[in-house]
Amino acid sequence: MTPYARRGVHGQTVEALARRILGGEIPEGATLDLVALQSELDVSLTALRESLKVLAAKGMVDARQKRGTFVRARGDWNLLDADVLRWQFEGGRTTEADRALLRNLAEVRAIIEPAAVRLAAERRTAADLAALDDALRAMGEDDDGDAGHAVEADLAFHRALLRSTHNELLERMEMVIESGLAHRDRIVHSSPHGENPVPAHQAVLDAVREQDPDAAEDAMRALLDQAGRDLERVDGDDETKGPGPQ
């Protein structure tokens, strides 16, 4: 999915507003001053209103007579929307809200991926195995410790795994999983203390190749357990370091 910021003035306006809302700069319940925002963002009122329509469709803002346009409560936001997830995690920050969402996503993955990998083991094709092999090969390449390369290889593996289920709805779950997984990977792969991800992914692939659903599910649960340990280890390191210079 192409980020909104790459879609001209309209996209840049959508992303600027979304970042402010998700970052708390514009808090829940706040009424937006459209004239001030128009001037600050240097866009036309039409462009601003069109951008707000995008955020309204994602449950983030609404408009009422006598109140104007306002930020809705977080509970109303479409947190499963791929753009909302990406906006939540972008910018390199890891707030407590980000960590809470990562924990929620970990629970979602623990429900979806073990079940999905059982289907993948039963339904995978030669083309599916080739895609998984390619992703695992890329994951094993050192590439000078490039975290971005490691993240993309991991995402490619999980995309290929969901596609191997040959279930259209499960394939679409990559939109939910991808943004959180990418952010989690950026955190972990930027740390020197994470476990090598290749053996755990290899075990999943081996079971899928052998068409063994039980072994595939067990391997996926072990992989997810390792992912959780890696994130907890990084979190522990951050707490030990404490705050930086003020």
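Look a little higher up for the structure.
A brief look at the structure comes next. (Residues numbered from 1 in each chain as written. Predicted model: local features only at pLDDT ≥ 70, side-chain atom pairs only at ≥ 80, totals over all residues. Heavy atoms only, no water.)

**A look at the overall build of the protein chain**
Link 1 in the chain: If you tally the helices and strands in the protein chain, you get 11 helices and 2 strands.
Link 2 in the chain: Counting helices and strands in the order they occur from the N terminus, the protein chain gives α-α-α-β-β-α-α-α-α-α-α-α-α.
Link 3 in the chain: Buried residues in the protein chain amount to 45% of all 246 residues.
Link 4 in the chain: Across the protein chain, contacts joining residues at least 24 apart in sequence account for 68% of those joining residues at least 6 apart.
Link 5 in the chain: About 12800 Å² of surface is accessible on the protein chain, with carbon and sulfur atoms providing 50% of the total. (Helix = DSSP H or I, 4+ residues; strand = E, 2+ residues; numbered from the N terminus. Buried < 20%, exposed > 50% of the residue type's maximum accessible area, 1.4 Å probe, protein only. Contact = heavy atoms within 4.5 Å. Areas by Shrake-Rupley, 256 points an atom, 1.4 Å probe, with all protein chains shown as cover.)

**A look at the nonpolar core**
Link 1 in the chain: If you look at the biggest cluster of nonpolar residues, it comprises 24 residues, and the most contacted ones within it are Ile21, Leu48, Leu55, Met60 and Trp87.
Link 2 in the chain: If you list the elements that add at least two residues to this core, you get helix H1 (8-22), helix H2 (34-41), helix H3 (45-57) and helix H4 (82-89).
Link 3 in the chain: Per-element accounting of this core gives the leading share, 6 residues, to H1.
Link 4 in the chain: For methionine 60, the residues in contact, after removing those within four places along its chain, are Ala18, Ile21, Leu22, Leu55, Phe70, Val71, Arg72, Trp77, Val84 and Trp87. (Core = buried A, V, L, I, M, F, W, Y, C linked by side-chain atoms within 4.5 Å.)

**A few points about the pattern of salt bridges**
Link 1 in the chain: In this structure the tally under the stated criterion is 18 salt bridges.
Link 2 in the chain: Close ionic contact of aspartate 62 with arginine 64 constitutes a salt bridge, the shortest N to O distance being 3.3 Å.
Link 3 in the chain: Salt bridges here are not isolated pairs; linked through shared partners, they connect Glu15, Arg19, Lys58, Asp81, Asp83 and Arg86. (Salt bridge = Lys/Arg side-chain N within 4 Å of Asp/Glu carboxyl O.)

**Section: helix H10 (residues 198-209)**
Link 1 in the chain: With 12 residues, H10 should reach 16 Å at 1.5 Å per residue; the first-to-last C-alpha distance of 16 Å fits that figure.
Link 2 in the chain: Taken together, the buried positions of H10 are occupied by Ala200, His201, Val204, Leu205, Ala207 and Val208. Buried residues of H10 fall within an arc of 165 degrees about the axis and therefore sit on the same side.
Link 3 in the chain: Two residues or fewer past H10, glutamine 211 is found with a positive phi of approximately 55 degrees. (Expected span 1.5 Å × (residues − 1). Arc of directions from axis to C-beta.)

**Let's talk about the packing of aromatic side chains**
Link 1 in the chain: Counted by the stated rule, this structure contains 0 aromatic pairs.
Link 2 in the chain: Across the ring face of phenylalanine 70, the terminal group of arginine 67 is positioned such that the distance to the ring centre comes to 3.7 Å. (Phe/Tyr/Trp six-rings, centres within 6.5 Å; stacked < 30°, edge-to-face > 60°. Lys NZ or Arg CZ within 6 Å of the ring centre and 35° of its normal.)

**A few points about the side chain of glutamate 174**
Link 1 in the chain: Turning to its location among the elements, glutamate 174 is positioned in helix H9 (residues 174-189).
Link 2 in the chain: Within the structure, glutamate 174 has its side chain in polar contact with the side chain of arginine 163 (distance 3.5 Å).
Link 3 in the chain: Contact partners of glutamate 174, with chain neighbours within four places excluded, come to Arg159, Leu162 and Arg163. (Polar contact = N/O pair within 3.5 Å; in protein donor to acceptor, adjacent residues only side chain to side chain.)

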